[in-house]
Amino acid sequence: MLLSKKKGFFTRIYIVEIIQGLAITLKNFFFSRKVTIQYPEERRAYSDRFRGLHYIKATNGVENCTACMLCPTVCPAECIHIEAGEQADKEKYPVRFEIDLLRCCFCGMCEEACPKDAIKLSAIYEMATHSREVLRKDMLLEQRGNK
Amino acid sequence: MPKCIIDGREAEFSVGENIVDIAKRIGVSIPVFCYHPGLSVVAQCRMCTVEVEKMGKLQTGCSTPATDGMVIHTNSQKVLDARQSTMEFLLVNHPLDCPICDKSGECDLQDYSFEHGSQYSRYTEERRTYVDLDMGPVIQKNMNRCIHCTRCIRFADEIAKLPEMVAMQRGNATEITTADGRPLETDYAGNYSDICPTGSLTLKDFRFHKRAWFLKKTPTICAGCSRGCSIELQTHDDHVYRIIPRENQAVNQYWMCDEGRFMYHAYQEESRLCVPWFDGQELAWQEALQQLRAKMTGALFLVATDLTHEEVDAVSQLAQFYGAQLLAFGSDTDADYDAILRRTNMAANFHGLKRRGLSWYAGQKAELVIIVRAGRTKLPQLGETPWVGMGVFWEKEKTPSCQGILPGLSYLEKNGTVTNFQGTDQALKQAVAVPGMCRSVPEIVMQWMHGGERG
Ligand code: SF4
Ligand code: SF4
Ligand code: SF4
Ligand code: SF4
Ligand code: FES
């Protein structure tokens, strides 16, 4: 329902509000601390719990992942694609492990579901690229943090 | 009828029925490991214990027949404590490697451990481990996961009738293995994986390809022989990953043979013909049928014993349309292959075609033979006679005298009715999408007869 309120003369010409608004702008401009930083020379420190680019944790050079498929199961964006295989010293391992970062919403559910402490979300947040490549296993195996 | 009371609910039963079965019927689930309704009862896992009033000790539900007026409690504190202890005992040596194990998601041990077990293990000794022998091409063994329920041993003895599974040693050192460590020989080895309540015996063919919880399940009928076992096609993204048997007391009880279990691979092969082909080139449907219509003089129609009734109906309409003769082909005998399930006639609808009163092809002469089949029946010996195939064919079957192929559907992709050796009509159900440009036989026939511009 539209209610029409009676407004006073000064309110209707706006001049007082404009002066008040400008006063706030000028006060911030001259007297408050700057909130912007000189990125990329300067960087902000993020919390340890920040959820950025994924990696798979490795122990002695072997990925912790056993291709249990819990992360693709839980992933709400359905962007993890794993193909499992067998090799002599590891009963089950991921032959192919891909994360389609363009679809990922960085919810961190994969990290939470993982029983093997394998998939992790690092603090890296610079992910702009020139191509639409997915994050392949060799790229994922790069250790990007200490979680 | 005698009655007993389970958890305060009255249940009728017939004399001799055990408590687990009666409880299941009225919706009370009692966890079991060693009990399988298709095998003899040994009562050795102790998971199914229940409290029966007026009996001092807990009773095993799988081996205790109910009596009139019996009062049974399946979730009293005493029963729950017993289950928790049994679970802990069974898991003492279990590796708990569900992330790797292929049974995960459909594993009784996992489910009951979650439901009745404890989250923590008190066991600090080194766990018992085994070196695993090769069990042949069907089954992969991992004895560390075994809980010694002996279902596999009983299956070998009682169903496969080939006592090839044995328990060696005893006590803590018990190991389930094949006699003399030989590979499995039975034609029914896939069932070991179905009945094993843990991941000790898994299918090599299915292992690691797909997690059980991703699979879409379609109940249908096996088209491998004239028995027509009830099966479940398990698919994901229109690809069949596994076939398991469904319970059907009248036909296959709980089992199926390996041939039936693995024959779906052939229909997913690259070399299956999925594009209409005529006189050496791949064509659109419209053109292929156009060329075929011009050739239809002195034609003879042959329908295979693996077609559904619906498909035979469609082809007989077409034969009538041309005034041509309609004959059946494929083996015309049927008998028990072994005393278990398999039949010698390897086509799903042999008895259906017999019932329809079709006569069999016996070398009758024709200028052109139209062969209609679903991929299971062997092609007839036609010599030099030119032929056109409608249905499922593979690259290697294109003989020099083959003039054209109209690709049709296999049992994975179609609905229809077939008659098994007992005379029962059973329904095939489509589980995956139609591959390539394939079309069902009735669709092809309709376009053939009436034209139409459907590409
Ligand atoms: S962070 Fe979320 S959306 Fe991204 S891969 Fe993990 S589960 Fe999927
Ligand atoms: S949940 Fe962990 S162990 Fe399982 S597939 Fe994903 S990364 Fe690998
Ligand atoms: S291998 Fe499986 S079926 Fe056989 S005794 Fe062990 S757990 Fe039971
Ligand atoms: S016995 Fe015949 S119908 Fe049953 S699974 Fe084997 S091939 Fe299929
Ligand atoms: S199921 Fe009854 S003792 Fe194993």
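All values reported here derive from a predicted model rather than from experimental measurement.

## Concerning the overall build of chain B
Reasoning step 1: A tally of regular secondary structure across chain B gives 11 helices and 21 strands.
Reasoning step 2: Seen through its principal axes, chain B has C-alpha atoms that stretch 85 × 50 × 40 Å.
Reasoning step 3: Among the 455 residues that make up chain B, the fraction classed as buried is 55%.
Reasoning step 4: Long-range contacts, defined as pairs at least 24 residues apart, comprise 63% of the intrachain contacts of chain B with a sequence gap of at least 6.
Reasoning step 5: Accessible surface computed for chain B: about 20,200 Å², of which carbon and sulfur atoms make up 50%.
Reasoning step 6: Here chain B holds 48 positive side-chain charges and 56 negative ones, and the gap between their average locations is 2 Å.

## So, the site of ligand 1
Reasoning step 1: Near ligand 1 there are 14 residues, and of these Cys75(A), Cys104(A), Cys107(A), Gly108(A) and Cys110(A) occur at the shortest range.
Reasoning step 2: Tallied by class, residues from the shell around ligand 1 come to 12 nonpolar, two polar and no charged.

## Describing the pattern of salt bridges
Reasoning step 1: Taken as a whole and judged by the stated rule, the model has 33 salt bridges over all chains.
Reasoning step 2: For Lys90(A), the salt bridge goes to Glu63(A), with nearest N and O atoms at 3.3 Å. Placement of Lys90(A) in strand E5 (residues 90-99) and of Glu63(A) in strand E3 (residues 62-63) is noted, with a sequence separation of 27 residues between them.
Reasoning step 3: Residue classification places Lys90(A) among the buried positions, given a relative accessible area of 13%.
Reasoning step 4: A salt bridge links Asp180(B) to Arg182(B), with the shortest nitrogen-to-oxygen separation between them at 3.5 Å.

## Focus: the interface of chain A and chain B
Reasoning step 1: Between chain A and chain B, the residue contacts involve 13 residues of the former and nine residues of the latter.
Reasoning step 2: Overall, the association of chain A and chain B removes approximately 970 Å² of surface from exposure, summing both partners, and the carbon and sulfur fraction of that is 60%.
Reasoning step 3: Viewed at the interface, chain B and chain A are joined by three salt bridges.
Reasoning step 4: In this structure, the salt-bridge partner of Arg207(B) is Glu86(A), at a minimum N-O distance of 2.6 Å.
Reasoning step 5: Applying the counting rule to chain A against chain B returns three residue pairs in polar contact (both at pLDDT 80 or more).
Reasoning step 6: Where the side of chain A that touches chain B is concerned, the elements lending two or more residues are helix H3 (70-74), strand E4 (80-87) and E5 of chain A.
Reasoning step 7: Ranked by the residues each element gives to the side of chain A that touches chain B, the list is headed by E4(A), at three residues.
Reasoning step 8: A breakdown of the residues in the side of chain A that touches chain B according to their chemical character gives six nonpolar, three polar and four charged.

## Details of the nonpolar core
Residue and element names in this part refer to chain B.
Reasoning step 1: One finds Ile-139, Phe-155, Met-165, Tyr-192 and Tyr-411 to be the most contacted residues of the largest nonpolar core, which totals 51 residues.
Reasoning step 2: Among the elements of the structure, helix H4 (151-159), helix H5 (190-195), strand E9 (201-203), strand E11 (230-236), strand E12 (239-245) and helix H7 (264-267) are those that each provide at least two residues to this core.
Reasoning step 3: Examining the composition of this core, we find that five residues originate from one element, H4, more than from any other.
Reasoning step 4: Filtering out sequence-adjacent residues up to four positions away, Tyr-411 remains in contact with Ile-221, Cys-222, Ala-223, Ile-231, Ile-243, Gly-260, Met-263, Tyr-264, Tyr-267, Leu-428 and Lys-429.

## Description of the sheet that holds strand E15 (residues 299-304) of chain B
Residue and element names in this part refer to chain B.
Reasoning step 1: The sheet built from seven strands is open, its strands ordered E14-E13-E19-E18-E17-E15-E16 with mixed pairing. Single-partner strands in this sheet number two, and they are strand E14 (281-282) and strand E16 (325-329).
Reasoning step 2: Relative to strand E17 (residues 368-373), E15 runs parallel, the two sharing five bridges. Paired with Leu-302 across the bridge in E17 is Ile-371.
Reasoning step 3: Contacts from helix H9 (residues 309-322) reach E15, E16, E17 and strand E18 (387-391) within the one sheet, and its direction differs from that of E15 by about 170°.
Reasoning step 4: Against the sheet, helix H11 (residues 441-450) engages E17, E18 and strand E19 (402-407), with an angle of about 130° to E18.

## Points about the site of ligand 4
Reasoning step 1: The environment of ligand 4 is formed by Cys222(B), Gly224(B), Cys225(B), Gly228(B), Cys229(B), Met256(B), Cys257(B), Gly260(B), Leu341(B) and Arg342(B).
Reasoning step 2: Taken together, the residues of the shell around ligand 4 sort by class into six nonpolar, three polar and one charged.

## Some details on the sheet that holds E11(B)
Residues and elements named next belong to chain B.
Reasoning step 1: Sheet architecture is open: three strands sit in the order E10-E11-E12, paired in antiparallel fashion. One side of each edge strand has no neighbouring strand; the edge strands of this open sheet are strand E10 (216-221) and E12. The average undirected angle you get between the axes of adjacent strands in this sheet is 30°.
Reasoning step 2: In this structure, E11 lies alongside E12, joined through six bridges in antiparallel fashion. Across the sheet, residue Leu-233 finds its bridge partner in E12, namely Ile-243.

## Here we look at a nonpolar patch on the surface
Residue and element names in this part refer to chain A.
Reasoning step 1: The grouping of Tyr-14, Ile-18, Leu-22, Leu-26, Phe-29, Phe-30 and Phe-31 at the surface amounts to a nonpolar patch, some 890 Å² of accessible area in total.
Reasoning step 2: One can find Leu-26 in helix H2 (residues 15-31).
Reasoning step 3: In this structure Leu-26 comes out as partly exposed when scored by relative accessible area, which is 46%.

Cut-off values and rules
- Residues numbered from 1 in each chain as written.
- Chains lettered and ligands numbered in written order.
- Predicted model: local features only at pLDDT ≥ 70, side-chain atom pairs only at ≥ 80, totals over all residues.
- Heavy atoms only, no water.
- Helix = DSSP H or I, 4+ residues; strand = E, 2+ residues; numbered from the N terminus.
- Buried < 20%, exposed > 50% of the residue type's maximum accessible area, 1.4 Å probe, protein only.
- Contact = heavy atoms within 4.5 Å.
- Areas by Shrake-Rupley, 256 points an atom, 1.4 Å probe, with all protein chains shown as cover.
- Lys, Arg positive; Asp, Glu negative; His and termini not counted.
- Charge placed at Lys NZ, Arg CZ, Asp CG, Glu CD.
- Near = heavy atom within 4 Å.
- Nonpolar A, V, L, I, M, F, W, Y, C, P; charged D, E, K, R; others polar.
- Salt bridge = Lys/Arg side-chain N within 4 Å of Asp/Glu carboxyl O.
- Buried area = accessible area lost by both parts, 1.4 Å probe.
- Polar contact = N/O pair within 3.5 Å; in protein donor to acceptor, adjacent residues only side chain to side chain.
- Core = buried A, V, L, I, M, F, W, Y, C linked by side-chain atoms within 4.5 Å.
- Pairing = 2+ DSSP bridges.
- Axes fitted to C-alpha atoms, helices over the stretch in contact; angles between N-to-C directions.
- Patch = residues over 30% accessible without salt bridge, like charges linked within 9 Å, V, L, I, M, F, W, Y side chains within 5 Å.

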